[in-house]
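Analysis of the macromolecular model
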Amino acid sequence: MWIPSNNKYGVAIHNWHGDVRFGLPLDVGDSVDIVEECRHWFRGSCPRRSRAVGIFPKTYIHIKDLSKIDPVVAECTQVLREWSEIWKRLYVDREAYKFQTLRKVMYSILESRRELLGATMTQDQTTELQMVVVSKIDWGNRKLGLDLVPRVGPLAVDPHGIGIVKLYNVHVSSADNAKASSSRGTLRRKTQRKILSHHLYFCMRDFGHRIGGDDAEVYFFLYDGNRMRPVSERFLVKISKDGFSNYIEKLHSNCSVFTDLGAADLNEELHLVAVVMRVGKIIQSDSIKKTEKNSSCLTGPTYRRPFGVGVLSLADICQFDSNLEQQSTEEREYSFKLYQSEEKDFHVLPELIIKKSSGKYSPIQPGNQSTQGIVVSLKLLHGGLGQARQEQPLLFQGTTITRKMGFPDVIMPGDVRNDLFLTLERAEFERGGKNTGKNILVTVVVLDVAGNVLGDCLWGASGMDALPQYRSMILYHQNAPSWNEMLRLSVPIDKFATAHVRFEFRHCSTREKSEPKLFAFSFARLMDTSGATLGDGLHELYVYKCEDPAKLQAASYLRLQCRPRDAQAKLDCGGCFSRSSKEVFVLRSLLCSTKLTQNADLLSLLQWRAHPDTIQDSLTGVLRLNDEELVKFLQDVLDALFAMFSNEEGNSTQHSGLVFHVLVSIFSLLQSNKFQHFRPVMNEYIENHFAAALVYKGLITSVEHMAVFMTKAEHPDPFQKCFGSLEYIFKLLIQSRRLFARATGGQYEDSFRRDLHSLFTALNGMLAVPSYDVIIPTQEALLASTGVVLEQLKDTLPAPELGMLARNMLDAIPRGAPIRLIQAKLQAVKDLVSGELFHEDDSRTVVLSVACKHLRMHLSRRDELRLCAEILSEILTQLYELQREQRDKVTNTLQHDLDSLCKNILGILIRTISIIMEGSNPNLPQLVACLLGLLQLLDETHYKRYWDELTPNKDPRDLKDFLSKSLLVYEELLTQDWLVFPTDWLIMKLAANDVLRKSLEEFAKPLVYRFLGPQAFDSQLWWSYFSLAVTFLTQPSLQLEQYREPKRLKILHSHGDMRVLMGFQILSMWSQLGEQKLHFIPSMVGPFLEVTLVPEPALRKATLSVFYDMMQCEQAARGSFRLVESELIDKLDLLISENKGDDEYRELFSTMEHLSLVLLEKVQTENPNWKDAGTAFIASVTRLLERLLDYRSVMQGEENRDKRMTCTVNLLNFYKNEINRKEMYLRYIYKLHNLHLQAENYTEAGYTLKLYASMLSWDRETQSFAPFDNSGQPEWQRKERLYHEILKYFDKGKCWEKGIPLCKELAQLYETRRFDYNKLSDILILEAKFFQNILTQLRPEPEYFRVGFYGMGLPLFVRNKQFVYRGLEYERIGAFTQRLQTEFPSAQILANNSPPEASILNAPEQYIQISNVRPVGDAQALKTAMVPVPEKIARFYEVNDVTRFIYDRPMYKGPIDKDNEFKSLWIERTTLDIASALPGILRWFEVKQKSVQELTPVEYACEIINNAGKELADLIVQYKRDPKRNINPFSMRLQGTIDANVMGGISKYQEAFFSEQFLKSPQGAGQQANVQRLKILILEQIQILEQALELHGQLAPAGVQPLHNRLLERFSQLKQSLSGMGRLKRQPSESIVNTPLPPLPTEQRSAAQQLAGGQPNANYVYELDEIYTRPGDTLRPVETMNSYQTLSKESLSIQLPLAEQGDAPPVPNRPRSQNFVTTSNGAMDSPEVPPKRQPANSSPSAPPLPPRGITPDKRASNPLIFNDFGGGMADAAARRHSAQQQQHGQKYSVVDISFDDPEADQQPHSLPHNLQEAGNHLNVCFAPNDFRDSGISTTSSRELNQLNNLSEESSSISMSTVHHREHCRISSNGSLEVHMHASSMNITQRDSSTSSFDVEDIPVPPPPIPPKSLGVAANGVGGVGLTSDEAHSPNTHPSLNHSINNHNHLHNNQLQQNGDSVGVGVGVSVGSPEHQLPNGNGLAGSLLAAPASTAVEAATAAASHPHDGGTF
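On a predicted model such as this, the values are computed, not experimentally measured, just so you know. (Residues numbered from 1 in each chain as written. Predicted model: local features only at pLDDT ≥ 70, side-chain atom pairs only at ≥ 80, totals over all residues. Heavy atoms only, no water.)

1. Considerations on the overall build of the protein
Scanning the protein for helices and strands turns up 61 helices and 37 strands. Taking all 2008 residues of the protein together, 58% fall into the buried category. Approximately 79,600 Å² of the protein is accessible, and the part contributed by carbon and sulfur atoms is 50%. (Helix = DSSP H or I, 4+ residues; strand = E, 2+ residues; numbered from the N terminus. Buried < 20%, exposed > 50% of the residue type's maximum accessible area, 1.4 Å probe, protein only. Areas by Shrake-Rupley, 256 points an atom, 1.4 Å probe, with all protein chains shown as cover.)

2. Quick notes on the sheet that holds strand β20 (residues 418-428)
With respect to topology, nine strands assemble into an open sheet ordered β22-β24-β20-β28-β27-β26-β25-β21-β23, the strand pairing being antiparallel. Bordering the open sheet on either side are β22 (458-459) and β23 (469-471), each of which pairs with just one other strand. Where strand β27 (residues 537-545) meets strand β28 (residues 579-593), seven bridges bridge the pair, whose relative direction is antiparallel. Bridge pairing in β28 places Glu540 opposite Val586. (Pairing = 2+ DSSP bridges.)

3. Quick word on the pattern of salt bridges
One side chain can pair with another of opposite charge once the charged atoms of both are near each other. Within this structure, the stated rule accounts for 77 salt bridges. In this structure, Glu331 and Arg205 form a salt bridge, with 2.7 Å as the shortest nitrogen-oxygen distance. Linking Glu331 in the loop between β14 (303-313) and β15 (332-336) with Arg205 in strand β8 (residues 198-207), this pair joins segments that are 126 residues apart in sequence. Residue Lys830 pairs with Glu870 through a salt bridge whose shortest N-O separation is 3.1 Å. Placement of the pair is Lys830 in helix α22 (residues 819-834) and Glu870 in helix α24 (residues 865-885), with a sequence separation of 40 residues. Residue Glu870 is classed as buried on the basis of its relative accessible area of 18%. Members of the salt-bridge network, linked through shared partners, are Glu217, Arg234, Arg304 and Glu485. (Salt bridge = Lys/Arg side-chain N within 4 Å of Asp/Glu carboxyl O.)

4. Re the pairing of β8
Most of β8 sits inside the fold, with eight of its ten residues counted as buried. Here five bridges tie β8 to strand β12 (residues 255-261), and the two strands are oriented antiparallel to one another. Residue pairing for β12: Phe202 is matched across the bridge by Ser256. Here nine bridges tie β8 to strand β18 (residues 374-382), and the two strands are oriented antiparallel to one another. Bridged to Phe202 within β18 is Leu378.

5. Some thoughts on the sheet that holds β18
If you trace the five strands from one edge of the open sheet to the other, you get β15-β18-β8-β12-β19, paired in mixed fashion. Unpaired on one side and paired on the other, β15 and β19 (400-402) mark the two borders of the sheet. Strand-to-strand twist across the sheet, computed as the mean angle between neighbouring axes with direction ignored, equals 30°. (Axes fitted to C-alpha atoms, helices over the stretch in contact; angles between N-to-C directions.)

Dropping the structure here:
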């Protein structure tokens, strides 16, 4: 049995594979959260395996006690797990910098975690490390955008353990700390208190000077550059003559700490001064000589001599933030130089250097050039000295302490110091009869009165030992020396009064071994007789002569004056020592002592009883005293003052007033930061030492007197001090009263209270005085003391009296007081609520009422909101703590206080928040936190009493107003997702939600009990509640699915899923409504739908039942549930469109499936009368949901735009057809329209808007509103506006035919209804422009692609479906495939076009099949034509308005005859019908119907011959119409058709189909009619050729006549070979138009289309087709004429027999010369843009381009069959003739090449089979107008002119060249070596598809005509191997320009179009029969002329070069 395990935590100690049912695999080290356990198993989850819960054995798990784990260590573990996932993602996203930084921090946290786990540190070290770690964690969380962790110190707070107000404050402080943190954890947290002490750690690292042969002493001290005086005493470092590195007297002797620096000291002018003294002989050269003489020892005395001074500025090290408790203080190294000057200026050298008086000093060069002089390292330490020692123990180890010359900014009560600093300034001595000055040495010694030397009390500098005497430095020959040397005296206190200092002056000779001779002395007494020590400052001492040291007896000179006005001297004493008035010694002193004073006034005050007459002067003097002096003797001074303050009876004395002033001065002194640590000393004195029991009366009287006379005072300063010191005054008077009461048994208590009330009355009067600038500070001081004063009285006065005093004092402030006073008042309130009075029940109630009164006043006025929020925060925090303490039994007082707070504050607080929410008030977050804190304190009883309070006399208006405002405020907060708090405060938001949810449960009760009855029902209030509850449910911070698993589990553990609780609350409220439910139908449909998003099965099921309830209610009340249905659909659409998160959208899907099931179940089980309607509705909703979810899945991403269009169309069709929702329909119309505009699908955008326009009427004037447009318009205006937009789009999309009917409709509107002739003229002009554009503008024709989507991995809306896509402009199948792969990146492209197998259809992957299809046009618009329709007009309808498409696959049936495969070649033709015509509202539509038919070999042959004849007939019409046009295309067509090499292929058809054997065979059964038709077509072909030759002979210039003669000869041979087929009858020239010789076929037209009388298109143009083919590769003639063509009636007059009216034949692609359209008068369309010129060897057939201005079509048209076109034969011929005119002897191919089968890709070539047969037919010029795709001409206009006006001579020359070029390509076996490009071509080989080589310059004679039996697999016609340069050269005949590339290229395209490979190069075996299709010009194909070669070989050649008859 499983039992709960109370959230145990464990770690896997072994790998476990989880190989049992429900097993959870674990690896070693995995942590597991254990939920349940049984005997041998645990059940739980592993954070590493998201959301996986399973079982695992107990033996594999080690249980850890979480209570014993360091919380910081646990947080490190959790953080590292969370960050590791982000870290990996940063690596994947290539965020290198973030990745590296995060890795460093993670390693650092890992290392710190290891140290913490080691538990080897002290508590302080552990705390410090924890702070560093959490600082790094906070930094990382902030940088990664993770949630802020609120913490106190290093530990995260438990949100359930503190009130929400305190939680808010912790968040604020944590956010500040997080911002101040760094990745190294070095930036510390900010604190409010300023650091008042700093210390400078100093270490000398190097001394770069060598003082020749002498030792040196370096004295370092801090120097103030502003006041030009030392700040600290000196620190000595000794340097040996061997150098600094060789001298170590003791460890750390070069290190010191300069202590007690204040903020004022650390300024920009602080310097470190180094004074260097040489220790040796007086003259340095003597030392050097002596060293050289005897380096082992020096005899004679050594002296200290000046050497140099260095100064280092400390400005940069002094820059720091004084608000930071700990600073980032790295030790830094500095170097500075030494300078020297004359000895007389040595004492001021630091000042000269700082002032940069460079003329008086010069630098000293260091002995070693690599050094920088003196090198030191410095580090600034902060805090008290004890704190600094604790934090940096190693720095202080053995380090000397160098004291500041003065007291620190903070004086600690326990500090004991007794230092006297003496500075030897200067002296002046008489010369004494000598010319040179003396070398004067000063010896300093301290003696007592008896003349005994006091040892261990004299220091020349820190860093040296105490000396019995100090010897100064010597200045050479100076009788007025200035030393400026400082030393420190520390004389014991007991000896200080009698001690004196003696200064002995000696002359030092430069002679060796001579001792210094004494010549004078001075002395100074340290203390005078009054007890005052030697005063600070300069002292001029008398100099007494004395040369005998033995005479220096203290008794003898102490009677003398040591200085002027020496009171201790005996003036009558005659001296044994003489002195000169000219000689003087100047000394400076400074006392730093906590025991001694220099102030006589202070001494007289302490001794006031001995000198009562001087009390007044003493008190006045004490008021002027230095602060430190007073504080040093605080207790003694206070005792003396209180003794003076009153007499023994307690009455005042004459000095009382002055004493009170002195007391106030002392108290105010203790308020300063400098002496803040003396406050405990003061409190200790009051409690234990104060004994003046009678002073309370005097103190009360004095304060009252000050209050009364405040306004009359001239100087406000004493009054400010007095009222600022009320804390100590009241402490003293209350202690005094206590002592008195204790002594007297409580006498005069009433009198004392009266005095107190009188005092407070005076204070109130003082506050009531109208404020002005002078007295405001005093009033502020009083208010600041109010809280603490009332606290002092809590034991003296009862709570009600205290409350009254507080209320009266605060009420005394007038309402219009200055803002400073208002702030001081609120601060006083804050002090009251945060003080001790608030902790006791009796006083708290009073204080709370006072606070509430003032809070209400200021909240209502919305001023001082910051202070109000702080007061409220304080109140709520205190009450929360009290409530927790009294959790078991809450006192009535606390309940009453909460009721009072709720009654006074809740309503006004909500009103205030609702008003300031509209702005950006900075106090809003704290006020919201206060509101939440107040709600957190209230329980059900408080709410009930408050509801009763708000409904006096049963009037619910106030309650309704409060509920409305509250719900509004809550909803605003939730709608913004708690934007009042920063986004990363998730813990705060969750806590706020918890409070709000509980509050809403209470808010629901008055709704049910007070606003639900028939009379009292308030639908607005209920709606607000429901709306708020749903907003609560759907707020982002509660959507747990979006969080990572650890966080989600943590939230669930701490708060649960609050959505579930709120969801059930909503359902509970709904069930309470009863009959009132109808008020919320259908408005509650949306909210309840959002409730179902909560992934809680029970809640979801309960909520779904509500929908049934709604439908039932509406059905009962209104007879239908139409509103519920409509709203449900609207909200579904909205939910999806709002792009809910992925998890939510999946939840919604399952929700709606569940909804359908639940509703269906209820409908069927309860069987209501609306069962059928309900079932239909549910089915409709399900279908809608499928479409919506499809739409949702593709809402984002540019690559999904096409999918988005499909889903949008599905939705708009659903809204229109299934549920008829016009507004939704229109909304999606506009969405689709916008998508088309983004994709620049202008035609489709126009069609889309047309859907909307068709819904509007010209007759209605009603206002019409479009989606996303709130401006209404009359309906006809809206339709007019839409029409103009549609026309604009049709114009951009070049779909002018569709715009013309709209123009006509608008014209009718303007002409017959609106009579707006201005607009009419505009629209007619536009219509005319459209007509003109149709005839003149270049329009690229689209290609169409069949796309099959297979596999279960595809979206539902395309899965296992086929679509026909309309390609983009100039988009070939390669680009299209690439685009589709971008849209479906996971899909695989199927390599063939055969129908997919079931395994593919059901596979979980995605598969796509792509192939070209050909549109089958149905030009209904042209069926009324009475004349031939111009080609430009007709071509539009061949590729537009198309719903049917075809594609072919070749196949072989029966035995295959390798000599003649025509016998068994069948064509499988597939016809696709799509759902809607293209173009339309999409660029693709689904295939709705598919049919397959087969063409027999004979039918196939008929198609080839029929289409070839049409092409030649068109050429005849063109040349009859325009005889002057260039003859070259005509010549080439005839050459390729008549030449025996080509026409010999008829024998293959004869052999295959014209034998009796064939008709009797199974293949020939039923083919009699087709065979007969084939014979007729061949005979008609002959007749057309006869007429063509006749016309050619008339038109051919002299230069072409040899070619014409050759053609006549070959034609004669042709007729002879066909003589057996029947009579060759000559018909009128008009009749042969329909039967020209066939050009090379590429694609086949269906017989059905032929029989339907489809007519060919005109102006079919070939173009470069990459490797992929296109559906437009049919019937594409290419012009090579250099003139424009126009149609005329004459050219359109040919009539065709109906039976022979064939399909428009397909035409192959050509990579080079294509897309050039001519009309009958020789006019040309615009030229194509050619690709870049290729090298000659790779582009043998690039033709010249026409002159600029010629505009052939950019894209070849796709000649489609007009199935129902019955406009007459003349029309057909007219439309065909232009196609035949542009044929270079090429195009119409009959066979529709299937893109499903590679067999359809081979095209027979129409070249001669051997070069000898080529004969004269090679002498045909290339067409000069053969274009590349780009449309840019590659020839000059001169060349083009030459090409258009060729002479016979130039023709023969170029023909000869081409002839011998062709000859050079004959192989050894007599056949042309042709390398079929398709066999090895990859996708990049586009333009180099022949293996020819250039032989232009080799003079080879033309070869003889080969016999017919020689079969040549030709790789080109005419100019085989001709380079593009040759084609353009003047020596090349213009008719001979033939692009061999085109054929190979087209072959590849067709192979790939057939599906063998789409998007990649295809390798084809030339000889394989399955890749060979005799798809050429039928009778004109090379297969028919190659008896010696197999059909396979010929087919291979033809497939490689599918051109028309071998000529261009």
